[in-house]
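# Chains, contacts and geometry: an overview
If you want the building blocks of each chain, they are given just below.
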Amino acid sequence: MKKMFLFLTAALFISCSSHKSEMDKFVDDLMGQMTLEEKIGQLHLPTVGFDVTGPRLSEAVEQKIKDGQVGGVFNTYTPNAVRKLQELAVTQSRLHIPLLFGYDVIHGHRTIYPVPLGLSATWDTELIRRIAVAVADEASADGIHWTFSPMVDIARDPRWGRVSEGAGEDPFLGAEIARAMVQGYEQGDLSKPNAIMSCIKHFALYGAAEAGRDYNTTDMSRLRMFNEYLPPYKAAVEAGASSIMTSFNEIDGIPATGNRWLLTDLLRRQWGFSGLVVTDYTAIAEMENHGVGDKAQAAAMAINAGVDMDMVSEYFIDELPALAKAGKVKQTTIDAACRRILEAKYKLGLFADPYRGINEERAATQIMNTEKLALSKEAAVKSIVLLKNDHRTLPLDASKKIAFIGPLVHDRCNLIGNWSAAGNPQQAVSLWSALENKFAGNTFLYAKGCNLIDDATLRDKLNQHGGNIIPDSRSPQQLLAEALQTARRADIIVAVLGEPFGMSGEAASRSHIDLPGHQQALLKALKETGKPVVLVLMNGRPLTLTWEHDHLDAILETWYAGTRAGDAIADVLFGDANPSGKLTMTFPRNVGQIPVYYNHKNTGRPFNDKEKYTSKYLDVSNEPLYPFGHGLSYTQFTCSAVQLSDTTLTAAGSITASVTIANSGDCAGEETVQLYIRDCTGSITRPVKELKGFQKVALQPGESRQITFTITPEALKFYNADLLLTAEPGEFWVFIGGSSATENKATFTLSL
Ligand code: BGC
């Protein structure tokens, strides 16, 4: 009876016009009935299900739900499983408070899209927003309310396995993508049955782990933090993200999860964030390893810093009652955390309908339907980056004899990449099956060539986490001999190689980032046949491909392109789609260059090959193999000189920078026109170039179009030594072109 009343009142409140105050009143009423233990129970987020990234600490979760000791769970989905747990909460706990259901829906729930690094290579924020809408629709139909996405950590070190989960190295592009994802997931109204709550992660600076080793220490100046690493988190907050996840790393010597400056002063006070703060997996417990003190101290530090919800540790439910009684944690602090969780539930409409959006019928029609599968293919096509294409080796001519060689030709398991939520690799389209669909009765040749990896210890490690890497019983020599025999019968060789998916993602750092195992040896042998060799890559990070670049004819980076990967790759290989992806992370020549990124500082001794005492290496160039923004097309684009509407920009004014882009090749294509700006002098040193805008333009052969960017003083602002956002007068260079390497420039002056 009481439960009925609760839902009815919530429904009435939701339909009222003064949404905020009605929510406050509802939460006030509810909290008025809650004991301290029940409030603390709301702060507890255990995992129930299969996907875990650490120890599974929670026991007897069902009993805890009945006892009001759980605020939400993650890793449980499907209407049936969600309904079962939700029923426990709403029918058997004293106050009938519904649970939040979270899950790592990172690049698709069941329909899988390219990994985020691949998606970012589309530079298509509208496509990314549409994907987030589709993902939310599918996930919510499966009972999910909350995704732990987007990951907006800026990453400049490709040794870090988690670069695959983010949008690369650039704060401007990262911010644009973060906004699009938050808007797509939440749709401005969490009460819509197909909207889900987003969670910005990992706050903050997780991508700057020293030496690219996951979970490692980060340490950086506030200037770098504010100018280069924080913008995407801030953009996501401004876009209305309802939650944020703390990171595992420390910041200024204090773990992020217990860092009051970060979570309260910056996030809540400066940025005005009013949503809920959840920790990363066992991050409160890990503060003991960081050395902050014992269990009680870690719990107190986290909640006093501004954490609302404890993921998995159980430190809050174990420690907060006593800490509150001892006065070490204020009752008002616990109340504030509990309120934020109840508010999230209210906004999601869970008090009105704890089973919001879930029913088997909706799941059957929304999950992996035709539209979503088509969107997955569109995204896959647009994420593919043509790194090299000498002598127009690509697209392939299907009338030629083509040998597809490599352990990934038939593969489905790796195509959907890491963090593929409830995606089923068996539903992914392999390259080979796509070729069979595309060319009935095809006569393509195939040989495996080598194993993906040969190191048995590494294989065992990856297989413990679902790697599913089954070594071929033949020796490397036998595999190679078969591949060469096959290759000799062909006119052209397509080698399909890369990393097993478990080599990127969490806890998947590498100290060498070349093609693993015998893959390069295979490529060398294939090259010796004298036939043209195309390399098709499937991987989750920038790799070192210097030998491959120097010797192979064409290289196509396809990332882990998702459920429709094979179809997309086949279309691109045979010219039914023209590649248009552009890198969002620099590809280094070797690991010694790392970190290498385009928006670096000039130094006092900038590179000069003729002078010894300048900033460079003796044994490798300063230039990366492939710069940020790089990506070729089957057609050619030419870009005119930059035209400025004025050479002076005033405080209240704006100027435009224009170029004409022409498709001077012989097929339709899409170019991403990139605008970079250099602030030549400043009160602090400024990067040699910074991305400040981009536009995608689709052109038919012979067609040209003028592309115009508007530049205002706002775009020239940066955080100065006092951490004030400001633009300073002086000279600026404007670059416009097809990658960060462009030298196509004009100059203007900002006069304030
Ligand atoms: C990861 C997070 C993830 C969480 C929950 C952690 O290990 O760092 O990104 O959201 O697990 O699965």
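Residues numbered from 1 in each chain as written. Predicted model: local features only at pLDDT ≥ 70, side-chain atom pairs only at ≥ 80, totals over all residues. Heavy atoms only, no water.

## Comments concerning the overall build of the protein chain
Per the secondary structure count, the protein chain includes 23 helices and 27 strands. Summarising its shape, the C-alpha atoms of the protein chain cover approximately 80 × 65 × 50 Å along the three principal directions. The proportion of buried residues among the 752 residues of the protein chain is 61%. In the protein chain, 79% of the contacts between residues at least 6 apart in sequence involve partners at least 24 apart. For the protein chain, the distance from the average position of its 73 positive side-chain charges to the average position of its 86 negative side-chain charges is 0 Å. (Helix = DSSP H or I, 4+ residues; strand = E, 2+ residues; numbered from the N terminus. Buried < 20%, exposed > 50% of the residue type's maximum accessible area, 1.4 Å probe, protein only. Contact = heavy atoms within 4.5 Å. Lys, Arg positive; Asp, Glu negative; His and termini not counted. Charge placed at Lys NZ, Arg CZ, Asp CG, Glu CD.)

## With respect to the pairing of strand E14 (residues 492-498)
In terms of burial, E14 is a largely internal element, 7 of the 7 residues being buried. Side chains of E14 alternate between two faces, with Ile492, Val494, Val496 and Gly498 and Ile493, Ala495 and Leu497 buried alike. With 6 bridges joining them, E14 and strand E15 (residues 533-538) adopt parallel strand pairing. If you follow Val494 over to E15, its bridge partner there is Val534. Tracing the backbone out of E14, into helix H21 (residues 519-528) and back to the parallel element E15 gives a crossover that is right-handed. (Pairing = 2+ DSSP bridges. Right-handed = clockwise from strand over helix to strand, strands pointing away.)

## Re the domain arrangement of the protein chain
Accessible area lost when the parts come together is the quantity often used to give the size of an interface. When its domains are assigned, the protein chain resolves into domain 1 (378-593) and domain 2 (637-751). The gap between the C-alpha centroids of domain 1 and domain 2 is 35 Å. Opposite the 5 residues of domain 1 that make contact, domain 2 presents 10 residues. With both chains or domains summed, domain 1 and domain 2 bury close to 530 Å², and 33% of this area falls on carbon and sulfur atoms. The largest per-residue losses of area from domain 1 upon contact with domain 2 belong to Asn578, Ser580 and Lys582, which jointly make up 76% of the total buried on that side. Joining domain 1 to domain 2, the criterion identifies 2 salt bridges. When the shortest N-O distance is used, the salt bridge between Arg392 and Asp666 registers 2.9 Å. (Domains from an automatic or database assignment. Buried area = accessible area lost by both parts, 1.4 Å probe. Salt bridge = Lys/Arg side-chain N within 4 Å of Asp/Glu carboxyl O.)

## Points about empty space enclosed by the protein
Per the stated rule, a full pass over the model turns up 4 cavities of 30 Å³ or more. The calculated volume of the largest cavity comes to roughly 140 Å³. What lines the largest cavity is a set of 20 residues, and nearest its centre among them are Met151, Gly166, Ala167, Ile177 and Met181. Elements represented by at least two residues in the lining of the largest cavity include exactly helix H6 (116-120) and helix H8 (171-186). Looking at the lining of the largest cavity, its residues break down into 13 nonpolar, 5 polar and 2 charged. (1 Å grid on protein atoms, 1.4 Å probe; cavity = no way out; pocket = protein on both sides within 12 Å on 5 of 7 lines; lining within 4 Å. Points joined across faces, edges and corners; volume = space filled by probe spheres on them. Nonpolar A, V, L, I, M, F, W, Y, C, P; charged D, E, K, R; others polar.)

## Description of the packing of aromatic side chains
Under the counting rule described, the total for this entry stands at 28 aromatic pairs. With centroids separated by 6.3 Å and ring planes inclined at 70°, the aromatic side chains of Trp559 and Phe587 adopt a geometry described as edge-to-face. Highlighted residues: Trp559 in the loop between strand E16 (554-557) and helix H23 (565-573) and Phe587 in the loop between H23 and strand E17 (637-639), separated in sequence by 28 residues. We classify Phe587 as buried; its relative accessible area is 0%. In this structure an aromatic cluster arises from ring pairing among Trp123, Phe172, Tyr598, Phe628, Tyr676 and Phe694. We note Arg156 situated over the ring of Tyr597; from NZ or CZ to the ring centre the distance is 3.7 Å. (Phe/Tyr/Trp six-rings, centres within 6.5 Å; stacked < 30°, edge-to-face > 60°. Lys NZ or Arg CZ within 6 Å of the ring centre and 35° of its normal.)

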